[in-house]
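Notes for the structure review
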Amino acid sequence: MNDQEWLRTALAKMHSGQWFSWKKEDENGNKIPNDQRMTYENVIVIEDGITKPTEAEVNAKIQELKDAETQKQNDKVSAQNKLKALGLTDAEIKAL
């Protein structure tokens, strides 16, 4: 995932539903290009009762998600190595 995808995923995991969106214009009324909108600075809350999380909170959530993804990949490699140690071939492991 790229940085924008990590940001979007982290925000989506922080509250249920579509609680946030992205600014379309900067403070001067200039249109923000679509490829530049997905940044923390451009996050807006669109659901009542929810406040915008701090950048530190969002960064912590992103790190949590990255760590979980790394652990998932490490667990996959570990499981494959254990299956190989039991005598399974790569083709048999892939078939699982």
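Residues numbered from 1 in each chain as written. Predicted model: local features only at pLDDT ≥ 70, side-chain atom pairs only at ≥ 80, totals over all residues. Heavy atoms only, no water.

As for its position among the elements, Lys 61 is in helix H3 (residues 55–85). Ignoring anything within four residues of it in the chain, the contact list for Lys 61 reads Ala 10, Lys 13 and Met 14. (Helix = DSSP H or I, 4+ residues; strand = E, 2+ residues; numbered from the N terminus. Contact = heavy atoms within 4.5 Å.)

Within the largest apolar cluster, 14 residues are counted, with the highest numbers of intra-cluster contacts made by Leu 7, Leu 11, Phe 20, Trp 22, Val 58 and Ile 62. Listing elements by their share of this core, those giving two or more residues are helix H1 (3–14), strand S1 (20–22) and H3. Per-element accounting of this core gives the leading share, four residues, to H1. When sequence neighbours within four positions are dropped, the list of residues in contact with Leu 11 reads Trp 19, Phe 20, Trp 22, Val 43, Pro 53 and Val 58. (Core = buried A, V, L, I, M, F, W, Y, C linked by side-chain atoms within 4.5 Å. Buried < 20%, exposed > 50% of the residue type's maximum accessible area, 1.4 Å probe, protein only.)

Note on placement: Ala 79 falls in helix H3. Judged by its relative accessible area of 37%, Ala 79 falls in the partly exposed class. Considering only alpha carbons, one finds Ala 79 and Gln 18, 61 residues apart in sequence, at a separation of 36 Å.

At a minimum axis separation of 9 Å, H1 and H3 run at an interaxial angle of 105°. Accordingly, the angle class assigned to the pair H1 and H3 is roughly perpendicular. Residues Trp 6, Leu 7, Thr 9, Ala 10, Leu 11, Lys 13 and Met 14 of H1 pack against Glu 57, Val 58, Lys 61, Ile 62, Leu 65, Lys 66 and Glu 69 of H3. Partitioned by chemical class, the residues of the contact of H1 with H3 number eight nonpolar, one polar and five charged. (Axes fitted to C-alpha atoms, helices over the stretch in contact; angles between N-to-C directions. Parallel < 35°, antiparallel > 145°, perpendicular 65-115°, else oblique. Nonpolar A, V, L, I, M, F, W, Y, C, P; charged D, E, K, R; others polar.)

Let's shift gears to the packing of aromatic side chains. One pass over the structure, following the stated rule, counts two aromatic pairs. Look at Trp 19 and Phe 20: their rings are 5.1 Å apart centre to centre, the planes differ by 65°, and that puts the pair in the edge-to-face class. Here Trp 19 matches Phe 20 in class, with each residue buried. Between the aromatic rings of Phe 20 and Trp 22, the centroid separation amounts to 5.5 Å while the plane-to-plane angle is 80°, which identifies the pairing as edge-to-face. By relative accessible area, Phe 20 is classed as buried at 4%. By relative accessible area, Trp 22 is classed as buried at 11%. Taken together, Trp 19, Phe 20 and Trp 22 form an aromatic cluster joined through their ring pairs. One cation-aromatic arrangement involves Lys 52 over Tyr 40; the distance from NZ or CZ to the ring centre is 4.2 Å. (Phe/Tyr/Trp six-rings, centres within 6.5 Å; stacked < 30°, edge-to-face > 60°. Lys NZ or Arg CZ within 6 Å of the ring centre and 35° of its normal.)

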